[in-house]
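Results of the structural survey
Here's the letter readout for the chains.
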Amino acid sequence: QGLWSHSGSPSADLLLQRGLEALGDNDLETARTILKALTGVSPGFAEGWHMRAEADLQAEDYSDALLALRRTLQLEPRNFNAMAELGGILEEFNDKPHALAAYRRALVLNPFVEGAAARVRELERDVEGQKI
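A brief look at the structure comes next. (Residues numbered from 1 in each chain as written. Predicted model: local features only at pLDDT ≥ 70, side-chain atom pairs only at ≥ 80, totals over all residues. Heavy atoms only, no water.)

**Observations regarding the overall build of the chain**
The helix and strand tally for the chain stands at 7 helices and 0 strands. Listing every helix and strand of the chain by position from the N terminus yields α-α-α-α-α-α-α. What you see for the chain is a C-alpha radius of gyration of 15 Å, in line with the 14 Å of a compact globule of 132 residues. Projected onto the principal axes, the alpha-carbon positions of the chain cover approximately 55 × 25 × 20 Å. In the chain, which comprises 132 residues, the proportion classed as buried is 41%. On the chain, roughly 7,500 Å² of surface is accessible, and the fraction owed to carbon and sulfur atoms is 51%. Of the charged side chains in the chain, 14 are positive and 21 negative, and the gap between their average positions amounts to 7 Å. (Helix = DSSP H or I, 4+ residues; strand = E, 2+ residues; numbered from the N terminus. Rg over C-alpha atoms; globule rule 2.2 N^0.38 Å. Buried < 20%, exposed > 50% of the residue type's maximum accessible area, 1.4 Å probe, protein only. Areas by Shrake-Rupley, 256 points an atom, 1.4 Å probe, with all protein chains shown as cover. Lys, Arg positive; Asp, Glu negative; His and termini not counted. Charge placed at Lys NZ, Arg CZ, Asp CG, Glu CD.)

**As for the packing of helix 3 (residues 46–58) against helix 5 (residues 80–92)**
Taken N-terminus to C-terminus, the directions of helix 3 and helix 5 make an angle of 30 degrees; their axes are 11 Å apart at the nearest point. In terms of orientation, helix 3 lies roughly parallel with respect to helix 5. Helix 3 and helix 5 meet at a crossing whose hand is left-handed. Contacts from His50, Glu54 and Leu57 in helix 3 reach Asn81, Ala82, Glu85 and Ile89 in helix 5. Residue classes in the contact of helix 3 with helix 5 are distributed as 3 nonpolar, 2 polar and 2 charged. (Axes fitted to C-alpha atoms, helices over the stretch in contact; angles between N-to-C directions. Parallel < 35°, antiparallel > 145°, perpendicular 65-115°, else oblique. Left-handed = near helix turned anticlockwise from the far one by under 90°. Contact = heavy atoms within 4.5 Å. Nonpolar A, V, L, I, M, F, W, Y, C, P; charged D, E, K, R; others polar.)

**Focus: the pattern of salt bridges**
Under the definition given, this model contains 10 salt bridges. Residue glutamate 21 is joined to arginine 18 by a salt bridge in which the shortest nitrogen-to-oxygen separation is 4.0 Å. Of the two residues, glutamate 21 and arginine 18 both sit in helix 1 (residues 10–24), 3 residues apart, roughly one turn of that helix. One salt bridge connects arginine 78 with glutamate 76, and the closest N-O pair in it is separated by 2.8 Å. On the basis of relative accessibility, which here comes to 52%, the residue arginine 78 falls in the exposed class. Exposure remark for glutamate 76: the relative accessible area of 11% places this residue in the buried category. Among the ionic contacts, a cluster of salt bridges with common partners joins Arg32, Asp56, Asp61 and Asp64. (Salt bridge = Lys/Arg side-chain N within 4 Å of Asp/Glu carboxyl O.)

**Thoughts on helix 3**
Compared with the 18 Å implied by 1.5 Å per residue over 13 residues, the 19 Å span of helix 3 between its first and last C-alpha is a close match. Buried residues dominate helix 3, accounting for 11 of its 13 residues. Looking only at helix 3, the buried set comprises Ala46, Glu47, Gly48, Trp49, His50, Met51, Arg52, Ala53, Glu54, Ala55 and Asp56. Contact partners of the buried residues in helix 3: helix 1, helix 2 (28–41), helix 4 (62–75) and helix 5. In the stretch just after helix 3, glutamate 60 is the one whose phi turns positive, near 60 degrees. (Expected span 1.5 Å × (residues − 1).)

**What about the packing of helix 6 (residues 96–109) against helix 7 (residues 116–128)?**
The contact between helix 6 and helix 7 brings their axes to 9 Å, and the two run at 145 degrees. The way helix 6 lies across helix 7 gives a crossing that is left-handed. Contacts between helix 6 and helix 7 pair Lys96, Pro97, Ala99, Leu100, Tyr103, Arg104 and Leu107 from the former with Ala116, Ala117, Arg119, Val120, Leu123, Glu124, Asp126, Val127 and Glu128 from the latter. Classifying every residue of the contact of helix 6 with helix 7 gives 10 nonpolar, no polar and 6 charged.

Quick look at the structure:
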């Protein structure tokens, strides 16, 4: 997980750090501006897209968050946190079958993703019905 935070570019790493600081300060407007700039100058940096999605999620901009998470997963398909967050957005859009698949994939990548196992159990009942 720590490796994902290093882009190989000092300027991109600095933008990521500043974006994370703004997120930590709950300054969503600044965080989103910085992280959008980061993905503009370093479009191949998956964690930049992931943190941009985080800022979009906190701002409740689910459409932009969904786009950023999809880009994250194109660049780094093993990002289990992004996969679980995708499941959450898909649930918000009431796409339970795809949300279930996203949570399951996150758990395959990391069986300890916080809250994912509980979401799988609940969605299994909704999507696949009660097991006998």
